Amino acid sequence: MSAGPATPKPAVQHMRRNPPIAGEAEAIQAAQNGDATAFETLYSLHKRRVYSLCLRMLGNVAEAEDLTQEAFLQLYRKIGTFRGDSAFSTWLHRLSVNVVLMHLRKKGLPQVSLEETLEPSQEDGPRKDLGARDLMLSGSIDRVTLERAVENLPPGYRLVFVLHDVEGYEHNEIATMLECSIGNSKSQLHKARMKLRELLRTGERKEAAV
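Source: prediction; values computed, not measured.

Rules used in this analysis
Residues numbered from 1 in each chain as written. Predicted model: local features only at pLDDT ≥ 70, side-chain atom pairs only at ≥ 80, totals over all residues. Heavy atoms only, no water. 1 Å grid on protein atoms, 1.4 Å probe; cavity = no way out; pocket = protein on both sides within 12 Å on 5 of 7 lines; lining within 4 Å. Points joined across faces, edges and corners; volume = space filled by probe spheres on them. Helix = DSSP H or I, 4+ residues; strand = E, 2+ residues; numbered from the N terminus. Nonpolar A, V, L, I, M, F, W, Y, C, P; charged D, E, K, R; others polar. Core = buried A, V, L, I, M, F, W, Y, C linked by side-chain atoms within 4.5 Å. Buried < 20%, exposed > 50% of the residue type's maximum accessible area, 1.4 Å probe, protein only. Salt bridge = Lys/Arg side-chain N within 4 Å of Asp/Glu carboxyl O. Contact = heavy atoms within 4.5 Å. Axes fitted to C-alpha atoms, helices over the stretch in contact; angles between N-to-C directions. Parallel < 35°, antiparallel > 145°, perpendicular 65-115°, else oblique. Bend = angle between axes of the 7 residues up to and from the residue. Polar contact = N/O pair within 3.5 Å; in protein donor to acceptor, adjacent residues only side chain to side chain.

*Asks:* Would you mind going over empty space enclosed by the protein with me for this structure?
*Replies:* Here the idea is plain: a probe the size of a water molecule rolls over the atoms and shows the empty space left. This structure, assessed with the given rule, holds two cavities of 30 Å³ or more. Its boundaries defined by the atoms lining it, the largest cavity holds a volume of some 60 Å³. The wall of the largest cavity is formed by H46, R49, V50, L53, S89, L92 and H93. Contributing elements (two or more residues each) for the lining of the largest cavity: α2 (36–58) and α4 (88–107). With four residues, the single largest contributor to the lining of the largest cavity is α2. Taken together, the residues of the lining of the largest cavity break down into three nonpolar, three polar and one charged.

Shown next, in the form of structure tokens:
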């Protein structure tokens, strides 16, 4: 007996974390028709998440606040282009990521070293698939401690780590965003995880010495 058609899976993993919010659809439609109050509603519903995303990617409170405002300014300008092909929060998430990446490009920060090789060394060479989830970093580590360590990562490492391990983007998506190779994205993620382990171990030693 036929099992019937399989249920299609979302194209992007993190879309599953973005269920519709009560009253959101009505606010989107009203905002697209020029209702300023409806836009304020959308701002109230999503400002915390957008700010959190900007802060994780930038590691700077002042810049995160500025780019949160810039993201919603872009939303105000572009909300008429939202067609509902994905969850609104997913669409806004992408828009916010692009705002941050444009900011980083204007600042000229070295997001990713395009000359970096994947040839392993004894010190930091990968011992497994570089794209696999690191269970040591996603286990029982205190969330606040981990977030503080992430803030102390070099900008390029932090960016790839946040996009992949926190926000759920695949390496091919990150490569497109950062204009680098998939292998380079994997390499940066591996080095970010190694650096995080080092930062977490250093923090544990400092706490033990107190």
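Moving on from the coordinates now.
*Asks:* Explanation requested: the nonpolar core in the structure shown.
*Replies:* A general tendency of soluble globular proteins is for nonpolar side chains to be buried together. Of all hydrophobic cores here, the largest spans 47 residues; its most connected members are M57, L75, F88, V97, L163 and L178. Elements supplying a minimum of two residues to this core: α1 (24–32), α2, α3 (61–78), α4, α5 (143–151), α6 (155–166), α7 (171–178) and α8 (182–209).

*Asks:* Help me out: how do you make sense of the pattern of salt bridges in this one?
*Replies:* It is possible for side chains bearing opposite charge to pair when their charged atoms get close. By the definition in use, this model includes five salt bridges. In this structure, R94 engages E173 in a salt bridge whose closest nitrogen and oxygen atoms are separated by 2.5 Å. Separated by 79 residues along the polypeptide, R94 in helix α4 and E173 in helix α7 bring together distant segments of the chain. Look at R94 and you get partly exposed, because its relative accessible area is 28%. Taking the relative accessible area as the measure of exposure, E173 reaches 14% and is therefore buried.

*Asks:* Teacher, can you tell me more about the environment of H103 here?
*Replies:* Tracing the sequence through the fold places H103 in helix α4. Considered as a pair, H103 and L67 are 36 residues apart in the sequence and their alpha carbons are 8.2 Å apart. In this structure H103 touches L58, E63 and L67, once residues within four positions along its chain are discounted.

*Asks:* Is there a simple way to explain the environment of S52 in this structure?
*Replies:* Note on placement: S52 falls in helix α2. For S52, a relative accessible area of 25% gives the class partly exposed. With 16 residues separating them in the primary sequence, S52 and T68 have C-alpha atoms 9.0 Å apart.

*Asks:* Sorry, what's going on with the side chain of Q74 here?
*Replies:* Mapped onto the fold, Q74 is located in helix α3. The contacts of Q74, once residues within four sequence positions are left out, are L95 and V99.

*Asks:* Is there a simple way to explain the packing of α2 against α6 in this structure?
*Replies:* Each pair of packed helices gets described by two things: the angle between the helix axes and the distance between those axes. Where α2 meets α6, the closest approach of the two axes is 7 Å, and the angle between their N-to-C directions is 135 degrees. The angle between α2 and α6 falls in the class oblique. Between α2, through R56, M57 and L58, and α6, the contact on the second element is made entirely by R158, L159, V162, L163 and V166.

*Asks:* Mind showing me how you'd approach α2 here?
*Replies:* Most pronounced at H46, the bend in α2 amounts to some 50 degrees. Among all positions of α2, only A38, F39, L42, H46, V50, L53, C54, L55, M57 and L58 are buried. On the buried face of α2, the contacting elements are α1, α3, α4 and α6. With a side-chain oxygen lying 2.9 Å from the backbone nitrogen of T37, the N-terminal cap of α2 falls on D35. Positive backbone phi, approximately 70 degrees, marks G59, located one or two places after α2.

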